[in-house]
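Architecture at a glance
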Amino acid sequence: MMQTTQVLILGAGAAGLMCAISAGQRKRQVIILDHASRAGNKIRISGGGRCNFTNYFIEPEAYLSNNPHFCKSALSRYTQWDFIALMEKHGLPFHEKEAGQLFSDRKAQAIVDMLLAEIQEVGAQLSLETEIYTVIKTKENQSPYRFQVTTSQGDYLCESLVVATGGLSMPALGASALGYQIAQEFGLSLVPQRAALVPFTLHPQDKAFSASLAGLSINIRAHTAEKSFQGALLFTHRGLSGPAILQISSYWQAGVPVSIHLMPDIDVLKALKEARQAHPKWELKTWLAQYWPQRLAKAWCDYQNWPASVTLSELSNLKLESYAQTIQAWVPNIAGTEGYRTAEVTLGGIDTDELSSKSMQAKQVEGLYFIGEVVDVSGHLGGFNFQWAWSSAWAAGEYV
Ligand SMILES: Cc1cc2nc3c(=O)[nH]c(=O)nc-3n(C[C@H](O)[C@H](O)[C@H](O)COP(=O)(O)OP(=O)(O)OC[C@H]3O[C@@H](n4cnc5c(N)ncnc54)[C@H](O)[C@@H]3O)c2cc1C
(Lines give C-alpha, C1' and ligand atoms only; values in the text may rest on other atoms or scores of the structure.)
Protein backbone atom coordinates (compact mmCIF):
# COMPACT_ATOMS: atom_id res chain seq x y z
CA MET A 1 0.00 0.00 0.00
CA MET A 2 1.38 3.44 -0.94
CA GLN A 3 0.32 6.50 1.04
CA THR A 4 1.14 10.08 0.11
CA THR A 5 1.53 13.02 2.44
CA GLN A 6 2.99 16.48 2.40
CA VAL A 7 5.04 15.96 5.57
CA LEU A 8 6.37 12.66 6.90
CA ILE A 9 7.97 12.74 10.35
CA LEU A 10 10.15 9.86 11.54
CA GLY A 11 9.95 9.61 15.35
CA ALA A 12 7.05 10.41 17.67
CA GLY A 13 9.17 11.73 20.51
CA ALA A 14 9.26 15.28 21.87
CA ALA A 15 10.53 16.83 18.63
CA GLY A 16 8.47 14.75 16.20
CA LEU A 17 5.21 15.45 18.03
CA MET A 18 5.90 19.18 18.27
CA CYS A 19 6.84 19.42 14.59
CA ALA A 20 3.55 17.72 13.66
CA ILE A 21 1.67 20.34 15.68
CA SER A 22 3.58 23.23 14.14
CA ALA A 23 3.19 21.95 10.56
CA GLY A 24 -0.41 20.89 11.20
CA GLN A 25 -1.31 24.39 12.35
CA ARG A 26 -0.16 25.56 8.91
CA LYS A 27 -2.69 23.11 7.45
CA ARG A 28 0.01 20.80 6.16
CA GLN A 29 -0.93 17.16 5.85
CA VAL A 30 1.26 15.26 8.35
CA ILE A 31 1.97 11.60 9.10
CA ILE A 32 4.25 10.57 11.99
CA LEU A 33 5.87 7.12 12.07
CA ASP A 34 7.47 5.44 15.08
CA HIS A 35 8.59 1.88 15.74
CA ALA A 36 7.67 2.08 19.43
CA SER A 37 4.26 1.04 20.70
CA ARG A 38 3.68 4.40 22.43
CA ALA A 39 4.46 7.98 21.51
CA GLY A 40 6.65 10.18 23.71
CA ASN A 41 8.32 7.37 25.65
CA LYS A 42 11.12 9.57 26.98
CA ILE A 43 8.75 12.34 27.97
CA ARG A 44 6.83 9.83 30.06
CA ILE A 45 9.84 8.74 32.13
CA SER A 46 11.63 12.08 32.18
CA GLY A 47 12.24 14.22 35.24
CA GLY A 48 11.56 11.28 37.55
CA GLY A 49 8.10 10.88 35.97
CA ARG A 50 7.24 14.61 36.20
CA CYS A 51 9.02 15.84 33.05
CA ASN A 52 11.28 18.83 33.47
CA PHE A 53 9.77 20.28 30.31
CA THR A 54 11.68 23.58 30.12
CA ASN A 55 13.61 26.13 32.15
CA TYR A 56 12.84 29.78 32.92
CA PHE A 57 16.44 30.62 31.99
CA ILE A 58 16.92 29.18 28.52
CA GLU A 59 20.19 30.53 27.11
CA PRO A 60 22.49 29.35 24.32
CA GLU A 61 25.32 28.94 26.86
CA ALA A 62 23.46 25.95 28.28
CA TYR A 63 23.99 23.98 25.06
CA LEU A 64 26.95 22.00 23.73
CA SER A 65 27.54 21.92 19.97
CA ASN A 66 30.44 22.32 17.57
CA ASN A 67 28.69 25.54 16.58
CA PRO A 68 27.49 27.24 19.79
CA HIS A 69 25.51 29.81 17.76
CA PHE A 70 23.41 27.31 15.83
CA CYS A 71 20.74 26.84 18.51
CA LYS A 72 20.06 30.58 18.95
CA SER A 73 17.64 31.10 16.08
CA ALA A 74 15.24 28.25 16.92
CA LEU A 75 15.40 28.91 20.68
CA SER A 76 14.48 32.55 20.13
CA ARG A 77 11.48 31.77 17.90
CA TYR A 78 9.75 29.09 20.02
CA THR A 79 10.71 29.93 23.58
CA GLN A 80 10.09 28.51 27.05
CA TRP A 81 7.20 30.99 27.31
CA ASP A 82 5.54 29.42 24.28
CA PHE A 83 5.65 25.99 25.86
CA ILE A 84 4.46 27.41 29.18
CA ALA A 85 1.53 28.98 27.30
CA LEU A 86 0.72 25.58 25.81
CA MET A 87 0.69 24.03 29.31
CA GLU A 88 -1.59 26.82 30.49
CA LYS A 89 -3.91 26.42 27.50
CA HIS A 90 -4.42 22.78 28.56
CA GLY A 91 -4.74 23.67 32.24
CA LEU A 92 -1.66 21.67 33.18
CA PRO A 93 -0.18 22.86 36.49
CA PHE A 94 3.57 23.01 36.96
CA HIS A 95 6.16 24.17 39.48
CA GLU A 96 9.72 25.45 39.55
CA LYS A 97 12.13 23.14 41.32
CA GLU A 98 15.47 24.88 41.35
CA ALA A 99 17.38 27.23 39.06
CA GLY A 100 14.36 27.79 36.80
CA GLN A 101 13.65 24.10 36.18
CA LEU A 102 9.95 23.63 35.42
CA PHE A 103 8.26 20.31 36.22
CA SER A 104 4.73 19.11 35.65
CA ASP A 105 2.64 18.80 38.83
CA ARG A 106 0.87 15.88 37.17
CA LYS A 107 2.48 12.75 35.81
CA ALA A 108 4.60 13.31 32.69
CA GLN A 109 2.03 11.31 30.72
CA ALA A 110 -0.17 14.43 30.96
CA ILE A 111 2.32 16.25 28.71
CA VAL A 112 2.27 13.39 26.19
CA ASP A 113 -1.55 13.49 26.27
CA MET A 114 -1.46 17.25 25.74
CA LEU A 115 0.75 16.88 22.65
CA LEU A 116 -1.43 14.05 21.31
CA ALA A 117 -4.55 16.18 21.79
CA GLU A 118 -2.90 18.98 19.79
CA ILE A 119 -1.96 16.51 17.09
CA GLN A 120 -5.52 15.30 16.86
CA GLU A 121 -6.74 18.87 16.66
CA VAL A 122 -4.56 19.60 13.63
CA GLY A 123 -5.48 16.28 12.04
CA ALA A 124 -1.99 14.76 11.94
CA GLN A 125 -1.91 10.97 11.64
CA LEU A 126 0.22 8.83 13.96
CA SER A 127 1.36 5.34 13.01
CA LEU A 128 3.08 3.42 15.83
CA GLU A 129 4.81 0.02 15.71
CA THR A 130 6.05 0.94 12.25
CA GLU A 131 9.52 -0.29 11.32
CA ILE A 132 11.34 1.94 8.86
CA TYR A 133 13.22 -0.06 6.25
CA THR A 134 14.52 2.35 3.62
CA VAL A 135 14.48 6.06 2.81
CA ILE A 136 15.23 7.06 -0.76
CA LYS A 137 14.95 10.14 -2.91
CA THR A 138 12.29 9.77 -5.59
CA LYS A 139 12.97 10.42 -9.24
CA GLU A 140 12.25 13.98 -10.35
CA ASN A 141 9.18 12.96 -12.40
CA GLN A 142 7.42 11.74 -9.24
CA SER A 143 7.25 15.35 -8.15
CA PRO A 144 5.98 16.89 -5.85
CA TYR A 145 7.03 13.89 -3.75
CA ARG A 146 10.73 14.03 -2.99
CA PHE A 147 11.16 10.98 -0.73
CA GLN A 148 9.92 7.42 -0.56
CA VAL A 149 9.98 5.63 2.79
CA THR A 150 9.46 1.88 2.95
CA THR A 151 8.10 0.53 6.22
CA SER A 152 6.49 -2.51 7.80
CA GLN A 153 3.14 -0.75 7.27
CA GLY A 154 3.64 -0.03 3.58
CA ASP A 155 5.31 2.72 1.58
CA TYR A 156 5.01 6.48 1.94
CA LEU A 157 5.70 9.27 -0.52
CA CYS A 158 6.25 12.72 0.96
CA GLU A 159 7.24 16.24 -0.03
CA SER A 160 9.11 16.96 3.22
CA LEU A 161 10.81 14.35 5.37
CA VAL A 162 11.58 15.25 8.98
CA VAL A 163 14.01 13.05 10.90
CA ALA A 164 13.21 13.23 14.62
CA THR A 165 14.52 9.87 15.74
CA GLY A 166 16.51 11.22 18.72
CA GLY A 167 19.85 10.06 20.08
CA LEU A 168 21.25 6.72 21.18
CA SER A 169 20.51 6.86 24.89
CA MET A 170 18.17 4.28 26.38
CA PRO A 171 17.77 1.79 23.54
CA ALA A 172 15.20 0.00 25.72
CA LEU A 173 12.89 2.98 25.10
CA GLY A 174 13.22 2.85 21.32
CA ALA A 175 16.46 4.77 20.68
CA SER A 176 18.24 3.80 17.48
CA ALA A 177 20.89 5.10 15.08
CA LEU A 178 18.38 5.52 12.24
CA GLY A 179 18.69 9.32 12.08
CA TYR A 180 22.47 9.16 11.75
CA GLN A 181 22.18 6.45 9.09
CA ILE A 182 19.75 8.52 7.03
CA ALA A 183 22.05 11.54 7.32
CA GLN A 184 25.01 9.49 6.09
CA GLU A 185 23.03 8.00 3.23
CA PHE A 186 22.25 11.53 2.06
CA GLY A 187 25.89 12.59 2.39
CA LEU A 188 25.58 14.71 5.55
CA SER A 189 28.51 14.66 7.96
CA LEU A 190 28.20 13.68 11.60
CA VAL A 191 29.90 14.89 14.76
CA PRO A 192 31.02 11.77 16.69
CA GLN A 193 28.48 10.75 19.29
CA ARG A 194 28.99 9.92 22.96
CA ALA A 195 26.84 9.45 26.03
CA ALA A 196 26.28 12.56 28.15
CA LEU A 197 24.38 13.53 31.30
CA VAL A 198 25.52 10.12 32.47
CA PRO A 199 26.90 8.65 35.73
CA PHE A 200 30.62 7.90 36.05
CA THR A 201 32.03 4.48 36.80
CA LEU A 202 35.23 4.38 38.90
CA HIS A 203 38.39 2.28 39.03
CA PRO A 204 38.38 -0.43 41.74
CA GLN A 205 39.74 1.42 44.80
CA ASP A 206 37.56 4.50 44.33
CA LYS A 207 34.64 2.31 43.34
CA ALA A 208 34.87 0.40 46.64
CA PHE A 209 34.82 3.72 48.54
CA SER A 210 31.82 4.93 46.57
CA ALA A 211 29.96 1.62 46.79
CA SER A 212 30.34 1.64 50.58
CA LEU A 213 28.37 4.92 50.57
CA ALA A 214 25.82 4.00 47.87
CA GLY A 215 22.67 6.06 48.19
CA LEU A 216 24.32 8.91 50.09
CA SER A 217 24.22 12.39 48.54
CA ILE A 218 26.20 15.57 49.32
CA ASN A 219 26.56 19.03 47.84
CA ILE A 220 29.73 19.42 45.78
CA ARG A 221 31.26 21.44 42.94
CA ALA A 222 32.67 19.42 40.04
CA HIS A 223 35.25 21.01 37.71
CA THR A 224 36.96 20.29 34.47
CA ALA A 225 39.41 22.83 33.02
CA GLU A 226 36.48 24.08 30.92
CA LYS A 227 33.44 24.09 33.17
CA SER A 228 32.16 23.70 36.73
CA PHE A 229 28.81 22.73 38.23
CA GLN A 230 27.64 22.86 41.83
CA GLY A 231 24.91 20.56 43.08
CA ALA A 232 24.31 17.09 44.46
CA LEU A 233 26.72 14.18 44.08
CA LEU A 234 25.23 10.74 44.65
CA PHE A 235 27.50 7.83 45.56
CA THR A 236 26.47 4.65 43.71
CA HIS A 237 27.52 1.00 43.63
CA ARG A 238 29.36 1.66 40.35
CA GLY A 239 30.70 5.16 40.96
CA LEU A 240 29.25 8.65 41.01
CA SER A 241 25.97 10.18 39.93
CA GLY A 242 23.68 13.06 40.91
CA PRO A 243 22.96 16.31 39.04
CA ALA A 244 26.40 17.92 39.37
CA ILE A 245 28.10 14.74 38.14
CA LEU A 246 25.67 14.30 35.23
CA GLN A 247 26.30 17.91 34.20
CA ILE A 248 30.08 17.64 34.26
CA SER A 249 29.94 14.29 32.40
CA SER A 250 28.96 16.21 29.25
CA TYR A 251 32.37 17.94 29.42
CA TRP A 252 34.31 14.76 30.22
CA GLN A 253 36.26 12.48 27.92
CA ALA A 254 38.77 9.73 28.74
CA GLY A 255 41.88 11.37 30.16
CA VAL A 256 40.14 14.59 31.23
CA PRO A 257 40.52 14.96 35.02
CA VAL A 258 37.43 15.91 37.00
CA SER A 259 38.20 17.66 40.25
CA ILE A 260 35.57 17.68 42.98
CA HIS A 261 35.28 20.23 45.77
CA LEU A 262 33.61 18.26 48.53
CA MET A 263 32.77 21.32 50.70
CA PRO A 264 32.07 24.00 48.11
CA ASP A 265 30.45 26.48 50.47
CA ILE A 266 33.28 26.86 52.94
CA ASP A 267 36.92 27.92 53.06
CA VAL A 268 38.19 24.52 54.18
CA LEU A 269 41.62 25.55 55.47
CA LYS A 270 40.22 28.48 57.42
CA ALA A 271 37.51 26.28 58.93
CA LEU A 272 40.09 23.63 59.90
CA LYS A 273 42.34 26.20 61.57
CA GLU A 274 39.43 27.73 63.45
CA ALA A 275 38.31 24.28 64.61
CA ARG A 276 41.84 23.46 65.79
CA GLN A 277 41.71 26.63 67.90
CA ALA A 278 38.20 26.12 69.24
CA HIS A 279 38.15 22.30 69.55
CA PRO A 280 41.76 21.10 69.84
CA LYS A 281 40.68 17.67 71.12
CA TRP A 282 38.43 16.91 68.17
CA GLU A 283 39.45 14.09 65.88
CA LEU A 284 39.47 14.82 62.15
CA LYS A 285 36.42 12.67 61.52
CA THR A 286 34.50 14.63 64.19
CA TRP A 287 35.34 17.83 62.35
CA LEU A 288 34.37 16.32 58.98
CA ALA A 289 31.04 15.19 60.45
CA GLN A 290 30.18 18.89 61.06
CA TYR A 291 29.77 19.15 57.28
CA TRP A 292 29.13 15.61 56.06
CA PRO A 293 27.06 12.62 57.17
CA GLN A 294 29.04 10.61 59.76
CA ARG A 295 29.24 7.60 57.43
CA LEU A 296 31.08 9.66 54.84
CA ALA A 297 33.38 11.28 57.42
CA LYS A 298 34.56 7.87 58.61
CA ALA A 299 34.76 6.29 55.15
CA TRP A 300 36.74 9.29 53.84
CA CYS A 301 39.38 8.97 56.61
CA ASP A 302 39.76 5.24 55.88
CA TYR A 303 39.90 5.82 52.11
CA GLN A 304 42.48 8.62 52.41
CA ASN A 305 44.45 6.81 55.12
CA TRP A 306 44.02 9.80 57.40
CA PRO A 307 44.88 8.98 61.04
CA ALA A 308 41.57 8.25 62.73
CA SER A 309 42.51 8.99 66.32
CA VAL A 310 44.81 11.99 65.89
CA THR A 311 43.40 15.22 67.32
CA LEU A 312 43.28 18.58 65.52
CA SER A 313 45.83 20.06 67.97
CA GLU A 314 48.35 17.49 66.80
CA LEU A 315 48.11 18.58 63.17
CA SER A 316 50.62 21.05 61.72
CA ASN A 317 49.63 23.87 59.35
CA LEU A 318 51.26 21.90 56.56
CA LYS A 319 49.09 18.87 57.31
CA LEU A 320 45.94 20.99 57.49
CA GLU A 321 46.82 22.54 54.13
CA SER A 322 47.25 19.12 52.56
CA TYR A 323 43.93 17.86 54.03
CA ALA A 324 42.12 20.99 52.88
CA GLN A 325 43.58 20.58 49.40
CA THR A 326 42.39 16.95 49.19
CA ILE A 327 38.84 17.94 50.23
CA GLN A 328 38.78 20.85 47.79
CA ALA A 329 40.17 18.99 44.83
CA TRP A 330 39.38 15.30 44.99
CA VAL A 331 40.20 13.76 41.61
CA PRO A 332 38.40 10.41 41.46
CA ASN A 333 39.85 7.76 39.22
CA ILE A 334 37.18 7.68 36.52
CA ALA A 335 36.98 4.43 34.54
CA GLY A 336 34.27 5.61 32.17
CA THR A 337 30.55 6.26 32.10
CA GLU A 338 27.52 4.02 32.39
CA GLY A 339 27.03 4.64 28.64
CA TYR A 340 23.85 4.84 26.63
CA ARG A 341 22.04 2.43 28.97
CA THR A 342 21.48 5.24 31.48
CA ALA A 343 22.61 8.44 29.70
CA GLU A 344 19.98 11.16 29.39
CA VAL A 345 21.33 12.45 26.09
CA THR A 346 23.72 11.85 23.22
CA LEU A 347 26.37 14.45 22.43
CA GLY A 348 27.23 15.00 18.78
CA GLY A 349 24.99 14.02 15.87
CA ILE A 350 24.12 15.70 12.58
CA ASP A 351 26.77 18.36 11.97
CA THR A 352 25.03 21.73 12.28
CA ASP A 353 27.10 23.01 9.32
CA GLU A 354 24.88 20.78 7.18
CA LEU A 355 21.63 22.43 8.33
CA SER A 356 19.91 25.78 8.10
CA SER A 357 19.53 27.12 11.66
CA LYS A 358 16.32 28.84 10.55
CA SER A 359 14.45 25.87 9.09
CA MET A 360 16.56 22.84 10.15
CA GLN A 361 16.57 21.80 6.49
CA ALA A 362 19.65 20.06 5.07
CA LYS A 363 21.49 22.64 2.98
CA GLN A 364 22.26 20.14 0.22
CA VAL A 365 19.04 18.07 0.25
CA GLU A 366 15.86 20.00 -0.36
CA GLY A 367 12.94 18.77 1.75
CA LEU A 368 15.04 16.84 4.29
CA TYR A 369 14.95 18.15 7.87
CA PHE A 370 16.62 17.06 11.15
CA ILE A 371 15.30 18.16 14.54
CA GLY A 372 15.76 17.43 18.25
CA GLU A 373 18.47 15.35 19.81
CA VAL A 374 19.64 13.76 16.56
CA VAL A 375 21.26 17.14 15.75
CA ASP A 376 24.61 18.12 17.28
CA VAL A 377 22.98 20.26 19.98
CA SER A 378 22.76 18.95 23.56
CA GLY A 379 21.59 20.84 26.58
CA HIS A 380 22.55 20.94 30.21
CA LEU A 381 20.38 19.15 32.74
CA GLY A 382 17.33 21.15 33.74
CA GLY A 383 14.77 21.18 30.91
CA PHE A 384 17.17 22.45 28.23
CA ASN A 385 16.98 19.30 26.12
CA PHE A 386 13.20 19.31 25.86
CA GLN A 387 13.28 23.01 25.04
CA TRP A 388 15.67 22.28 22.18
CA ALA A 389 13.33 19.53 20.97
CA TRP A 390 10.30 21.90 21.10
CA SER A 391 12.16 24.85 19.52
CA SER A 392 13.95 23.01 16.71
CA ALA A 393 10.73 21.13 15.92
CA TRP A 394 8.69 24.31 15.79
CA ALA A 395 11.26 25.93 13.51
CA ALA A 396 11.09 23.04 11.03
CA GLY A 397 7.31 22.92 11.27
CA GLU A 398 7.14 26.45 9.92
CA TYR A 399 8.92 25.41 6.71
CA VAL A 400 8.06 21.79 5.93
C1 LIG B 1 15.73 9.05 31.62
C2 LIG B 1 15.69 10.35 30.88
C3 LIG B 1 15.19 11.47 31.50
C4 LIG B 1 15.19 12.69 30.84
N5 LIG B 1 14.69 13.77 31.48
C6 LIG B 1 14.69 14.97 30.85
C7 LIG B 1 14.09 16.10 31.47
O8 LIG B 1 13.48 16.00 32.54
N9 LIG B 1 14.19 17.31 30.82
C10 LIG B 1 14.80 17.42 29.60
O11 LIG B 1 14.84 18.54 29.05
N12 LIG B 1 15.31 16.36 28.97
C13 LIG B 1 15.25 15.14 29.55
N14 LIG B 1 15.76 14.05 28.91
C15 LIG B 1 16.27 14.22 27.53
C16 LIG B 1 15.07 14.25 26.57
O17 LIG B 1 14.23 13.13 26.83
C18 LIG B 1 15.53 14.20 25.11
O19 LIG B 1 16.50 15.18 24.88
C20 LIG B 1 14.35 14.41 24.18
O21 LIG B 1 13.40 13.39 24.38
C22 LIG B 1 14.80 14.42 22.72
O23 LIG B 1 13.66 14.51 21.91
P24 LIG B 1 13.68 13.86 20.46
O25 LIG B 1 12.27 13.94 19.98
O26 LIG B 1 14.77 14.42 19.67
O27 LIG B 1 14.03 12.32 20.71
P28 LIG B 1 13.15 11.20 21.49
O29 LIG B 1 12.26 11.85 22.47
O30 LIG B 1 14.16 10.23 21.93
O31 LIG B 1 12.24 10.61 20.34
C32 LIG B 1 12.75 9.84 19.28
C33 LIG B 1 11.63 8.96 18.76
O34 LIG B 1 12.09 8.29 17.59
C35 LIG B 1 11.72 6.95 17.64
N36 LIG B 1 12.67 6.17 16.87
C37 LIG B 1 13.98 6.01 17.11
N38 LIG B 1 14.51 5.16 16.22
C39 LIG B 1 13.51 4.80 15.38
C40 LIG B 1 13.44 3.91 14.27
N41 LIG B 1 14.52 3.23 13.84
N42 LIG B 1 12.25 3.74 13.66
C43 LIG B 1 11.14 4.41 14.09
N44 LIG B 1 11.14 5.25 15.15
C45 LIG B 1 12.34 5.44 15.79
C46 LIG B 1 11.74 6.60 19.12
O47 LIG B 1 10.92 5.47 19.38
C48 LIG B 1 11.24 7.89 19.76
O49 LIG B 1 9.84 7.87 19.91
C50 LIG B 1 15.73 12.80 29.53
C51 LIG B 1 16.22 11.67 28.90
C52 LIG B 1 16.20 10.44 29.55
C53 LIG B 1 16.72 9.24 28.83
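Naming follows an unreviewed UniProt entry, where the chain appears as Flavoprotein, HI0933 family of Allopseudospirillum japonicum.

Turning next to the nonpolar core. Residues Met 18, Phe 83, Ile 111, Leu 115, Phe 370, Trp 388 and Trp 390 are the most contacted members of the largest nonpolar core, which totals 82 residues. Sorting elements by how many residues they give to this core places helix α13 (residues 384-397) first, with nine residues. The residues contacting Phe 370, other than those within four sequence positions of it, are Val 163, Gly 179, Ile 182, Ala 183, Leu 188, Ile 350, Leu 355, Met 360 and Val 375. In this structure, Leu 202, Met 263, Val 268 and Leu 288 belong to the second largest nonpolar core, which totals 52 residues.

Along the chain, Cys 19 turns up in helix α1 (residues 14-25). Cys 19 gets classed as buried once you look at its relative accessible area, which sits at 0%. Separated by 80 residues in sequence, Cys 19 and Ala 99 place their C-alpha atoms 28 Å apart. Residues in contact with Cys 19, not counting those within four places in the same chain, are Ile 9, Val 162, Ile 371, Ala 393, Ala 396 and Gly 397.

Mapped onto this numbering, the UniProt entry annotates "domain: RsdA/BaiN/AoA(So)-like insert" (unreviewed entry) at residues 194-345. For residues 194-345, helix accounts for 36% and strand for 21%, while the C-alpha atoms at its two ends are 9 Å apart.

All right, on to the packing of helix α9 (residues 268-278) against helix α12 (residues 317-328) then. Two elements in contact, α9 and α12, have axes separated by 9 Å at closest approach and are oriented at 135 degrees. Between α9 and α12, the angle falls in the class oblique. When you trace α9 past α12, the crossing you get is right-handed. Together, Val 268, Leu 269, Leu 272, Lys 273 and Arg 276 of α9 and Asn 317, Leu 320, Glu 321, Tyr 323, Ala 324, Ile 327 and Gln 328 of α12 make up the contact between the two elements. Considered class by class, the residues forming the contact of α9 with α12 number seven nonpolar, two polar and three charged.

What follows deals with the side chain of Ser 392. Its place among the elements puts Ser 392 in helix α13. Since its relative accessible area comes to 0%, Ser 392 is described here as buried. Here the side chain of Ser 392 touches Gly 372 through a polar contact of 3.0 Å, landing on its backbone nitrogen. The residues contacting Ser 392, other than those within four sequence positions of it, are Ala 74, Met 360, Ile 371 and Gly 372.

Structurally, the chain comprises domain 1 (2-194 + 346-397) and domain 2 (199-337). If you average the C-alpha positions of domain 1 and of domain 2, the two centres end up 40 Å apart. Contact with domain 1, which involves six residues of that partner, is made by nine residues of domain 2. For the domain 1 and domain 2 pair, buried surface summed over both sides reaches about 620 Å², with 52% attributable to carbon and sulfur atoms. Looking at the side of domain 1 facing domain 2, the largest losses of area belong to Arg 194, His 380 and Leu 381, adding up to 73% of the total buried there.

Calculation notes
Residue numbering note: each chain is counted from 1, following its sequence as written. Restriction of local features to residues with pLDDT of at least 70 applies here, the model being predicted, together with a cutoff of 80 or more for giving and counting side-chain atom pairs; totals for whole chains, interfaces and linings are based on all residues. Side-chain measures here rest on the full set of heavy atoms in the structure, leaving out hydrogens and waters. Only buried residues count toward a nonpolar core. Its members are Ala, Val, Leu, Ile, Met, Phe, Trp, Tyr and Cys residues joined through side-chain atoms within 4.5 Å. Categorising residues by exposure relies on relative accessible area from a 1.4 Å probe, with only protein chains included: less than 20% of the type maximum marks a residue as buried, more than 50% marks it as exposed, and the intermediate range marks it as partly exposed. Elements are defined by DSSP. Helices are runs of H or I of four residues or more, strands are runs of E of two residues or more, and each kind is numbered from the N terminus. Every residue pair with non-hydrogen atoms within 4.5 Å of one another is taken to be in contact. UniProt positions are given in the numbering used here, feature names are shortened, and annotations may be inferred rather than shown by experiment. Only the stretch in contact is used when fitting a helix axis, every axis being a line fitted to C-alpha atoms; angles between N-to-C directions are given from 0 to 180 degrees. With respect to orientation, any angle under 35 degrees is reported as roughly parallel, any angle over 145 as roughly antiparallel, any angle of 65 to 115 as roughly perpendicular, and every other angle as oblique. Working rule for handedness: look at the near helix, and if it is turned counterclockwise from the far one by less than a right angle, call the crossing left-handed; if clockwise, right-handed. Residue classes follow a fixed rule: Ala, Val, Leu, Ile, Met, Phe, Trp, Tyr, Cys and Pro count as nonpolar, while Asp, Glu, Lys and Arg count as charged, and any other residue, Gly among them, counts as polar. Counted as a polar contact is a pair of N or O atoms within 3.5 Å, where, for protein atoms, one must be capable of donating a hydrogen and the other of accepting one, and residues adjacent in sequence contribute only when both atoms are in side chains. Domain start and stop points were drawn from an automatic or database domain assignment. Joining two parts hides part of their accessible area as seen by a 1.4 Å probe, and the buried area is that hidden amount summed over both.

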